[in-house]
Amino acid sequence: MGKSLFEKVWDAHAVRQLANGQTQLLIGTHLIHEVTSPQAFGMLRDRGLKVQYPHRTFATVDHIVPTNEAVEPYSDPLAQGMIEELRKNCAENDVTFFDTNTGKQGVVHIVGPEQGITQPGTTIACGDSHTATHGAFGAIAFGIGTSQVRDVLATQTIALNELKVRRINVNGTLPPGVYAKDVILHIIRLLGTQGGTGYAYEYAGTTFDNFTMEERMTVCNMSIEGGARVGYVNPDETTFEYLKGRPYAPKGAAWEAAVEQWKSFASDADCTFDDVVDIDAAQIQPTVTWGITPGQGVGIEENIPTIEDAPTQSDRDSVAEALEYMKFEGGSAIKGKKIDVAFLGSCTNGRLSDFQEVAKYIKGHKVAEGVQAIVVPGSQVVAKIAEELGLDKIFIEAGFEWRAAGCSMCLAMNPDKLVGDQLCASSSNRNFKGRQGSPTGRTMLMSPLMVAAAAVTGEVSDAREVFGFATANA
Amino acid sequence: MPSTPIKQVTGKGVYVPGDDIDTDRIIPARFMKCITFDGLGEYLFHDVRKTESGEDKKHNLNDPRFAEASIIVSGNNFGCGSSREHAPQSILRAGYNAVIAGSFAEIFFGNSTNLGVVCVIASDADRATIAQAIEANPELEITIDVEDHKIWFGDQSVPCEIKPGARDSLLSGNYDPLDELLEGSADVAKTAGALPYMQA
């Protein structure tokens, strides 16, 4: 019987079984950033340990970097302290650091792929739950805690339980105006925020076959929001094409050998899965979250659910809590909610193609009065290419602020934050209470083009109508 | 060097109602601008406890009757969201050493176990019973018996679940795996040696 990619990669990296039954798993690639690594380096120093495989650890700085302050010291001394600590730790341990002066700095999940560090058939860990992004390349990639960051630094391994695998097939063509972001919001709405607990998600089907790498990354990125620590797509020609020629991709004869090996990691046609879910791409709508978990989403044509419609008492409590926090009425239309802020960026949707797609449509439009709209490239590389293409000018002309690379308003560890109960149309990945920096701030997750539509109309809108898609309401 | 085995956790309880208590709620990101975990306990559930102007909200976590609690009772999917170990670190540093929930997010569960914070699963009905008992008598002593899969409170007990691997680790005191991982270094080198991308 065949094996899934998950099983093959797991087997190739399983070192041995530990006393409690867990596996000691080799972590081939370790990505670190300033928030979850300083304590781990501190623990290493306390134990007198060194980084065991420094050439397999790569660092960047993203969460705390201000996107509108180019010169250090930053106005926030805590942020300045964190970047300096990372510099020191990387220098002392011979770890490659994509610092702000390298032209390669950015959100860790954007930097890894664009540098060609993220490769098929590898294991990748990072002290960040959105690490599953790298699964788009057919890697087994997942978030870890700081004690595990310590474990990887000291041993290049962690203790882990093997996961089950759920195959999610999405077949068909997405309707115009429906994007990868809608696919993952739809999946989470369908399977729930804890449906993926204990599973790796294997995303497959013709929709994924036809996706670009950046689209695959958007979906894999939010696996954890559905409870799945790992999400991946089998590697194919699209994957290899993306990687070819990137700085850390194999070169020459090693490239050919690597591609052959990468192909062998793809799930076998006759492998079995612990669960299979089939989704018809044509049924997916532009999806917007109305609540305080990423599973609380509806199609743009739908209404927000009512408390009474929820099936169980605990569901009714959840809906009631979400409606109260969001200041929305159950049963009201999602369309037309007035927004204060529009955020385009993050490890979910801060890539070149996200900005290219929006730029195609916003020419001739203006950000609505009273709305603050910011565009934050996911990396310095993304920013540079976008600027060479003139995208920055298109956004600025339309009334958006064009910022420097970083996590920005996704999680508010930097100056980009909501104020009071501002409502934000956001291309990021989490709508938790207080996520965007104000304890009463409100987040609605949606695709980049839907964020742009909300920005120019000042309210949650159907991008297909706003931007004159021929097939709107088809 | 193994830690002290954890066979039982005993203490008073506090009920934190709600499903999907996420890591941003446990420790808001703005308090994570730090290079050590010291002092994180102060910010545990900050926005659940405080208004924007810094006053205490009406919540069990602010109620002096539950001030001595060391066991949190909560809903389903506790700890969802981020991989930040800051979440269980802040729980531990605020004086709590166990969480009873309907289910746990995976990364949170692993992070907690590594720190010796005991996370056990109990049914909705049983957690409601425990929450009522705590409300009726905040002094009530709760004991989570990791070995026997039971939660005792007063003269009652209800069953609880804990992942077998985590249970073994707690009972043996080997919940921090670093020493065991270090012992495997020769095997690690062998596994790494067989993978082309691992070569320097």
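Residues numbered from 1 in each chain as written. Chains lettered and ligands numbered in written order. Predicted model: local features only at pLDDT ≥ 70, side-chain atom pairs only at ≥ 80, totals over all residues.

1. A look at the environment of E84(A)
Here is step 1 of the chain: Considering the arrangement of structural elements, one finds E84(A) in helix α3 (residues 77–93).
Here is step 2 of the chain: Residues E84(A) and V276(A) lie 192 residues apart in sequence; the distance between their C-alpha atoms is 47 Å. (Helix = DSSP H or I, 4+ residues; strand = E, 2+ residues; numbered from the N terminus.)

2. Side note on the nonpolar core
Here is step 1 of the chain: Core analysis: the largest hydrophobic core is formed by 211 residues, its most contacted members being A342(A) and I100(B).
Here is step 2 of the chain: Sort the elements by how many residues they give to this core and helix α16 (residues 448–457) of chain A lands first, with eight residues.
Here is step 3 of the chain: Counting only domains with at least three residues in this core, you end up with domain 1 (5–275) and domain 2 (290–466) of chain A.
Here is step 4 of the chain: If we skip the residues at most four places from it in the chain, I100(B) touches I71(B), V73(B), V120(B), A122(B), R127(B), I130(B), I151(B) and C160(B). (Core = buried A, V, L, I, M, F, W, Y, C linked by C-beta atoms within 7 Å. Buried ≥ 20, exposed ≤ 12 C-beta atoms within 10 Å, placed from the backbone. Domains from an automatic or database assignment. Contact = placed C-beta atoms within 7 Å.)

3. Focus on the interface of chain B and chain A
Here is step 1 of the chain: Taken together, the contact between chain B and chain A spans 54 residues of the former and 66 residues of the latter.
Here is step 2 of the chain: At the level of secondary structure, the elements contributing two or more residues to the side of chain B that touches chain A comprise α1 (23–26), α4 (106–115), α6 (164–172), α7 (178–183) and α8 (185–193) of chain B.
Here is step 3 of the chain: It is α4(B) that provides the largest number of residues to the side of chain B that touches chain A, a total of six residues.

4. Comments concerning the sheet that holds strand β4 (residues 118–121) of chain B
All names here are of chain B.
Here is step 1 of the chain: Read from one edge to the other, the open sheet built from seven strands follows the order β4-β3-β2-β1-β5-β6-β7, with strand pairing classed as mixed. Strands with a single pairing partner mark the edges of an open sheet, and in this sheet they are β4 and β7 (156–159). With strand direction ignored, the average angle separating the axes of adjacent strands in the sheet is 30 degrees.
Here is step 2 of the chain: Bridge analysis of strand β1 (residues 8–15) against strand β5 (residues 142–145) gives four bridges, and the strand direction is antiparallel. Considered in β5, the bridge of T10 is made with T143. (Pairing = 2+ DSSP bridges. Axes fitted to C-alpha atoms, helices over the stretch in contact; angles between N-to-C directions.)

5. Considerations on the pairing of strand β3 (residues 98–101) of chain B
Residues and elements named next belong to chain B.
Here is step 1 of the chain: Residue alternation in β3 divides its side chains into two sets, A98 and I100 and V99 and A101, and both sets are buried.
Here is step 2 of the chain: Pairing between strand β2 (residues 69–73) and β3: three bridges, direction parallel. Following the sheet pairing, I72 is matched in β3 by V99.
Here is step 3 of the chain: Of the crossover connections in this fold, the one passing from β2 over helix α3 (residues 86–93) to the parallel β3 is right-handed.
Here is step 4 of the chain: Where β3 meets β4, four bridges bridge the pair, whose relative direction is parallel. Considered in β4, the bridge of V99 is made with C119. (Right-handed = clockwise from strand over helix to strand, strands pointing away.)

6. Concerning the domain arrangement of chain A
Residues and elements named next belong to chain A.
Here is step 1 of the chain: The domains assigned to chain A are domain 1 (5–275) and domain 2 (290–466).
Here is step 2 of the chain: Here the C-alpha centroids of domain 1 and domain 2 sit 24 Å apart.
Here is step 3 of the chain: Taken together, the 37 residues of domain 1 in the interface contact 36 residues of domain 2.
Here is step 4 of the chain: Broken down by secondary-structure element, the contributors of at least two residues to the side of domain 1 that touches domain 2 are α4 (108–114), α6 (180–191) and α8 (213–221).

7. Looking at the pairing of β7(B)
All names here are of chain B.
Here is step 1 of the chain: Of the pairings in the sheet, the one linking strand β6 (residues 150–153) to β7 comprises four bridges and is antiparallel in character. Following the sheet pairing, I151 is matched in β7 by V158.
Here is step 2 of the chain: Taking the residues between adjacent antiparallel strands as the criterion, β6 and β7 are bridged by two residues, where G154 takes a positive phi near 60 degrees.

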